[in-house]
Amino acid sequence: MDDLRILLDEAASTPARRSAVDLDLAVRTGERMIRRRRLGWIMGAAAGVVLGVAAVAVSGLPNGLPQPAISRGTTPPETPVFFQPDEKQASFGWLPAEPAERVVQTHRDWHRQWITNGSWQVELRMVPSGKDIELNGNDELFSVAPEQIDRTKLERADVALGREASWNTARRGPRGAALRWKYTPTAWVEVAVGNADSPEEMARHIATTLQIGPQKVKLPIRMTQTPSAPEGFDLTESRDKWLATLWYQDSVRVLVSSVKQSMTIGSGDPQTTVDGKEASRTESTLIVLEPSGAEVFVYRPGRDTIEMYRWLRIER
Amino acid sequence: MPEDLDSEVMGNLPATRARRIVVRAEWRDEYVEYVRSHMPWLGKLAYLLCQDWDRADDVVQTAITQLYVHWGKARAADNVDAYVRTVLTRAFLNERRSAWSRRVQLQDFDRSVEADDTATALAVRQALLAVPPRQRAALVLRYYCDMSIEDTAVALRCTTGTVKSQTSKGLRALRRAMGGEADGRLAHSAG
């Protein structure tokens, strides 16, 4: 056995040539595969499961609610081909109650808002021109090519939204419904409701009072300098807590939580200080605990994370 | 259940979203660090299986892409290296099944001669090329990687009995291919 091992060692001993293996390519391809896999999983799941998990429906709509005055919102003058990374793209008009938790996310090719009062849930998904919204309720990877949409799952909706409107039957359930329509001749928006007594009625009311149009978002954090081109933001507010993330090109991001999340990073120097504050670091990540109790996470592969941390201003 | 859908639990929203964003970055760093530090080992193992640097590069490229996709599983494994060896071996065997592979197989022998080969290395490498791919993989995993019969069976997706028979046949093929040159050295090997 040892002899064969020696022979194989010799066989493997030819000096290696310069390798053409591309690690970055592996990461990029792997990311794409993960996205496709996740999308496939969700699309393959039974509609009931998706509806149960993604929760599309509402309970707060009182019976006999008078029809709200229909407002078609403010349609943007031009169809966007991508979204500005510091804007939200719509504002809710009528809602059954004040939301207790909300998520607002904008990236260049998608915009999402998610709100709940602890019982009903409403999700808004928008894409710019040339894209479409996947059917099953994916929360981030929903901006897809129009040919990826199975249009047999769309049912014509008789709702006065100014343009072609459809019920997305992939998200339909006993307490859920999703209504999508074109907010410009070539760009789609979808409103989905979950955990509702009258989901279709609820979706219809929210859709007809939705104000569509870009609006700057005041985030609780800002950067005095940007590490690379901005890609988007993510703001989550839950009662008295908030979490804000700014995304930049090359996966660079800064995330701030208003409260300590006890984030951990794997290897590196777990106990250090940055500007006198408790911190932990690896080659590309930095976590800093602020005196206010807020926790900051910086991810900047191959570049100075402390420099980027020092560009951050927490304004809430 | 996908983490992103599962995680949006009422009242716990910021915590779960933070965890998701941090974990993604952390895993990526770990993965990059692992692959960078193991690249020479991966290249050598792939070369031993393929006997050709170009194809070894292709196999490693496929394997590390698969590894990225399944990094969560790999990092949780008892032995990450064993997991990676399995991924690499399967990438090699899958690549061998492709039409492209069958087409270029005819040129294997000529391309396998490297300028820096010693006489023994050349003899062994040319003999290895005469061993069918699955048998070659069994030999490399059992004798070069010191993997147990059970672990080799997992890597090759077969039974332990098949590993034993593939190893035995592989050794016979190797002996035949090497002629008298290695008879003595291989006589002590199992099979």
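Residues numbered from 1 in each chain as written. Chains lettered and ligands numbered in written order. Predicted model: local features only at pLDDT ≥ 70, side-chain atom pairs only at ≥ 80, totals over all residues. Heavy atoms only, no water.

Q: I'd like a description of helix H9 (residues 133-144) of chain B, backed by residues and values.
A: Residue and element names in this part refer to chain B. Here H9 lies mainly inside the structure; 10 of its 12 residues are buried. Among the residues making up H9, those that are buried are Gln 135, Arg 136, Ala 137, Ala 138, Leu 139, Val 140, Leu 141, Arg 142, Tyr 143 and Tyr 144. Backbone geometry just after H9 places Asp 146 at a positive phi near 55°. (Buried < 20%, exposed > 50% of the residue type's maximum accessible area, 1.4 Å probe, protein only. Helix = DSSP H or I, 4+ residues; strand = E, 2+ residues; numbered from the N terminus.)

Q: Give me the lowdown on the pattern of salt bridges, citing residues and values where you can.
A: All names here are of chain A. Taken as a whole and judged by the stated rule, the model has 24 salt bridges over all chains. Notably, a salt bridge pairs Glu 164 with Lys 182, separated by 3.8 Å at the nearest N-O pair. Separated by 18 residues along the polypeptide, Glu 164 in the loop between strand E7 (154-156) and strand E8 (165-168) and Lys 182 in strand E9 (residues 177-184) bring together distant segments of the chain. In this structure Glu 164 comes out as partly exposed when scored by relative accessible area, which is 45%. Here the salt bridges share partners, and the residues they tie into one network are Arg 112, Glu 123, Arg 125, Asp 132, Glu 134, Arg 151, Arg 171, Arg 180 and Glu 190. (Salt bridge = Lys/Arg side-chain N within 4 Å of Asp/Glu carboxyl O.)

Q: Just give me the short version of the pairing of strand E13 (residues 230-238) of chain A, but keep the residues and values in it.
A: Moving residue by residue along a regular strand, the side chains alternate between the two faces of the sheet. Residues and elements named next belong to chain A. In terms of strand pairing, strand E2 (residues 101-107) meets E13 through 7 bridges, oriented antiparallel. Looking at the pairing, Glu 101 lines up with Ser 238 of E13. As defined by bridge partners, E13 adjoins strand E14 (residues 241-248) across 8 bridges and the pair is classed as antiparallel. Pairing of Asp 234 across the sheet is with Thr 245, part of E14. (Pairing = 2+ DSSP bridges.)

Q: I'd like a rundown of unusual backbone geometry, residues and numbers included.
A: The general pattern is negative phi for most residues beyond glycine and trans for most peptide bonds. At A:Asp275, a position not held by glycine, the phi torsion is positive, near 50°. Secondary-structure assignment places A:Asp275 in the loop between strand E16 (269-274) and strand E17 (277-281). Looking at A:Asp275, the relative accessible area reads 45%, which means it is partly exposed. Backbone geometry at B:Asp146 places phi at a positive 55°, although glycine is not the residue there. Here B:Asp146 shows up in the loop between H9 and helix H10 (149-156).

Q: Account for the packing of H9(B) against helix H11 (residues 160-178) of chain B, with residues named and values stated.
A: Residue and element names in this part refer to chain B. Packing of H9 against H11 leaves a shortest axis separation of 8 Å and a crossing angle of 100°. Overall, the two elements H9 and H11 adopt an arrangement that is roughly perpendicular. For the pair H9 and H11, contact is made by Arg 134, Gln 135, Ala 138, Leu 139, Arg 142 and Tyr 143 and by Val 163, Gln 166, Thr 167, Lys 169, Gly 170, Leu 171, Ala 173 and Leu 174, respectively. (Axes fitted to C-alpha atoms, helices over the stretch in contact; angles between N-to-C directions. Parallel < 35°, antiparallel > 145°, perpendicular 65-115°, else oblique. Contact = heavy atoms within 4.5 Å.)

Q: Describe in detail the nonpolar core, supporting the description with residues and values.
A: One finds B:Tyr31, B:Ile64 and B:Leu88 to be the most contacted residues of the largest nonpolar core, which totals 56 residues. Among the elements that make up this core, the one with the highest residue count is helix H2 (residues 13-50) of chain B (12 residues). If near-sequence neighbours (up to four positions away) are discounted, B:Leu88 is found in contact with B:Leu42, B:Leu45, B:Ala46, B:Leu49, B:Val59, B:Val60 and B:Ala63. A:Ala90, A:Met126, A:Ala165 and A:Trp167 belong to the second largest nonpolar core, which has 28 residues in total. (Core = buried A, V, L, I, M, F, W, Y, C linked by side-chain atoms within 4.5 Å.)

Q: Talk me through the confidence of the model for chain A; I want residue IDs and the actual numbers.
A: On average, residues of chain A score 81 in pLDDT, and 81% of them are at 70 or above. When the criterion is pLDDT under 50, residues 41-77 of chain A qualifies, and its contacts beyond four places in sequence or with other chains add up to 100 contacts. (pLDDT = per-residue confidence, 0-100.)

Q: Give me the confidence of the model for chain B: which residues, what numbers.
A: Residues and elements named next belong to chain B. Confidence in the prediction of chain B, expressed as mean pLDDT, is 75, and 68% of residues score 70 or more. By mean pLDDT, the top-scoring element of chain B is H9 (91), and the lowest-scoring one is helix H1 (residues 3-6) (30). In this model residues 98-113 is a low-confidence stretch, pLDDT under 50, and it forms 25 contacts with partners more than four residues away in sequence or in other chains.

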